[in-house]
Amino acid sequence: MKKIFTIFVLLLVILAIFAVFQGKKRINAASDNQETVLLEIPKGSSAAKVSQILQEKGVWKDGLAFKVRNKMDKPSLKAGWYEIPPRQTLEQIFALLASGKNAVRKVTIPEGRASWEIPAYLKKAFPDLNEDRWNKLVQDPKFAQSLGVDANSLEGYLLPDTYPFAIDANEETIIRQMVAANLKLRDEMKGKPNSKWTTLGSWHKVLTLASVVEEETGKPDERFLIAGVFHNRLEIGMPLGADPTVRFIFRNLTGPIYKSQLNSDSPYNTRKFKGLMPGPISNPGRKAIEAALFPADTKALYFVAKDDGSGTHFFSNTLTDHNKFKDVAAKNRGE
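Residues numbered from 1 in each chain as written. Predicted model: local features only at pLDDT ≥ 70, side-chain atom pairs only at ≥ 80, totals over all residues. Heavy atoms only, no water.

A. Local environment of the confidence of the model for the protein chain. In the predicted model, the protein chain carries a mean pLDDT of 88, and the fraction of residues at 70 or more is 92%. Throughout residues 13-22 the model reports pLDDT below 50, and contacts reaching past four residues in sequence, or to other chains, amount to zero contacts. (pLDDT = per-residue confidence, 0-100. Contact = heavy atoms within 4.5 Å.)

Given below as structure tokens:
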């Protein structure tokens with residue numbers, strides 16, 4: 001009898017060891033998905049609901065193993081969107097769902113784009129983005145004020161950068177994120193000594209000037225010189241004379257500028273009116289903003305594109321020299 005009991009206990013031990021071994025094997029198995037799967041864990045989801053979602057998405061079909069693993073340390077699974085890579089263990093899946101690191105779509109917004117140009121870049125990652133709603137939000141003064149922007153429009157406040165936007169981001173959340181980045185840069189720049197912040201008078205005017213600098217050159221080294229020219233012109237009451245401001249009025253971003261456009265009575269026409277425009281004409285990047293705040297120390301009042309394929313400009317202190325350089329540029333164009 002004692003021998004039978006011993007054998008029985010031994011069998012129980014073996015079965016227990018086998019059960020533990022199989023349990024670990026099931027828990028440490030690789031997930032069922034062969035490709036990255038995007039899924040959403042809704043707010044308030046129980047562990048059972050999470051398990052159901054994983055099964056429905058073909059990520060983890062072993063509900064019992066999930067239940068056992070969950071009871072081992074009861075991780076706090078957070079709501080949100082997640083991208084589950086292929087061949088993940090349960091431990092890796094639990095770690096991801098407990099991290100709260102939502103799935104994102106990275107989008108690069110280039111420097112110097114007007115607000116209405118930005119949706120074209122966003123729609124590659126967010127094809128359902130509504131351009132009309134985007135434009136209405138950008139031009140809504142109340143919305144701007146709710147974001148801490150004292151302006152009638154968010155033009156200029158959508159900081160160009162590479163952003164990790166949440167997978168379920170919409171027009172409003174994207175704008176909020178871009179404006180927050182702009183205001184963070186504002187706070188960083190405001191504390192720097194020897195800037196032209198006081199001369200310009202406000203962050204809005206800094207962005208306004210920076211947007212013109214951004215549009216006038218694609219050469220980073222020239223931005224500070226061009227900013228210096230504009231500061232010189234502002235100081236003596238000379239019009240900025242920047243064609244990009246006229247283009248902004250008519251959304252004429254390429255091609256010729258017509259005389260009728262140059263005669264526009266819009267306050268954005270710096271070919272006609274002195275001082276800064278009412279607001280930015282595009283969304284300047286960090287380097288253009290730095291140039292507006294820390295311009296080169298120059299006496300130049302004029303610049304003209306060389307038109308020699310270099311993308312650079314001639315700078316001059318006098319109108320006489322400026323006109324000479326204009327002739328050189330014309331020759332470079334073959335005129």
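Still more ground to cover, so stick around.
B. Local environment of a nonpolar patch on the surface. A cluster of nonpolar side chains, L64, V68 and M72, forms an exposed patch at the surface whose accessible area comes to about 300 Å². Mapped onto the secondary structure, V68 falls in helix 3 (residues 63-73). (Patch = residues over 30% accessible without salt bridge, like charges linked within 9 Å, V, L, I, M, F, W, Y side chains within 5 Å. Areas by Shrake-Rupley, 256 points an atom, 1.4 Å probe, with all protein chains shown as cover. Salt bridge = Lys/Arg side-chain N within 4 Å of Asp/Glu carboxyl O. Helix = DSSP H or I, 4+ residues; strand = E, 2+ residues; numbered from the N terminus.)

C. Here's a closer look at the pattern of salt bridges. One pass over the structure, following the stated rule, counts 13 salt bridges. Residues E172 and R176 are paired through a salt bridge, measuring 3.2 Å at the closest nitrogen-oxygen approach. Remark: R176 and E172 occur in helix 8 (residues 171-190); sequence separation between them is four residues, near one turn of the helix. Classification of E172 by relative accessible area gives partly exposed; the value is 25%. Owing to a relative accessible area of 36%, R176 belongs among the partly exposed residues under this scheme. With its nearest N and O atoms 2.3 Å apart, the salt bridge here joins E188 to R286. (Buried < 20%, exposed > 50% of the residue type's maximum accessible area, 1.4 Å probe, protein only.)

D. Structural detail: the packing of helix 11 (residues 220-236) against helix 14 (residues 286-293). Packing of helix 11 against helix 14 leaves a shortest axis separation of 8 Å and a crossing angle of 40°. It follows from the interaxial angle that helix 11 and helix 14 lie oblique. Crossing angle aside, the handedness with which helix 11 passes helix 14 is right-handed. For the pair helix 11 and helix 14, the contacting residues are R223, F224, A227 and H231 in the first and K287, A288, E290, A291 and A292 in the second. The residue inventory of the contact of helix 11 with helix 14, partitioned by class, reads five nonpolar, one polar and three charged. (Axes fitted to C-alpha atoms, helices over the stretch in contact; angles between N-to-C directions. Parallel < 35°, antiparallel > 145°, perpendicular 65-115°, else oblique. Left-handed = near helix turned anticlockwise from the far one by under 90°. Nonpolar A, V, L, I, M, F, W, Y, C, P; charged D, E, K, R; others polar.)

E. Representation of the layout of surface pockets within the structure. Of the pockets and cavities examined, the largest pocket occupies roughly 630 Å³. Taken together, 21 residues line the largest pocket, and the ones lying closest to its centre are G241, D243, R271, F303 and V304. Those elements that provide at least two residues to the lining of the largest pocket are helix 10 (203-216), helix 11, helix 12 (243-250), strand 5 (302-305) and helix 15 (319-332). The greatest single-element share of the lining of the largest pocket, amounting to four residues, is contributed by strand 5. For the lining of the largest pocket, a count of residues per class yields 12 nonpolar, three polar and six charged. Counted as a void, the second largest pocket has a volume near 200 Å³. Lining of the second largest pocket is provided by 13 residues; of these, N152, S153, E155, Y268 and G279 occupy positions nearest its centre. (1 Å grid on protein atoms, 1.4 Å probe; cavity = no way out; pocket = protein on both sides within 12 Å on 5 of 7 lines; lining within 4 Å. Points joined across faces, edges and corners; volume = space filled by probe spheres on them.)

F. Representation of unusual backbone geometry in the model. Look at N194: it is not a glycine, yet its phi comes out positive at around 65°. A positive phi angle is found at D307, which is not glycine, with a value near 55°. Mapped onto the fold, D307 is located in the loop between strand 5 and strand 6 (313-316).

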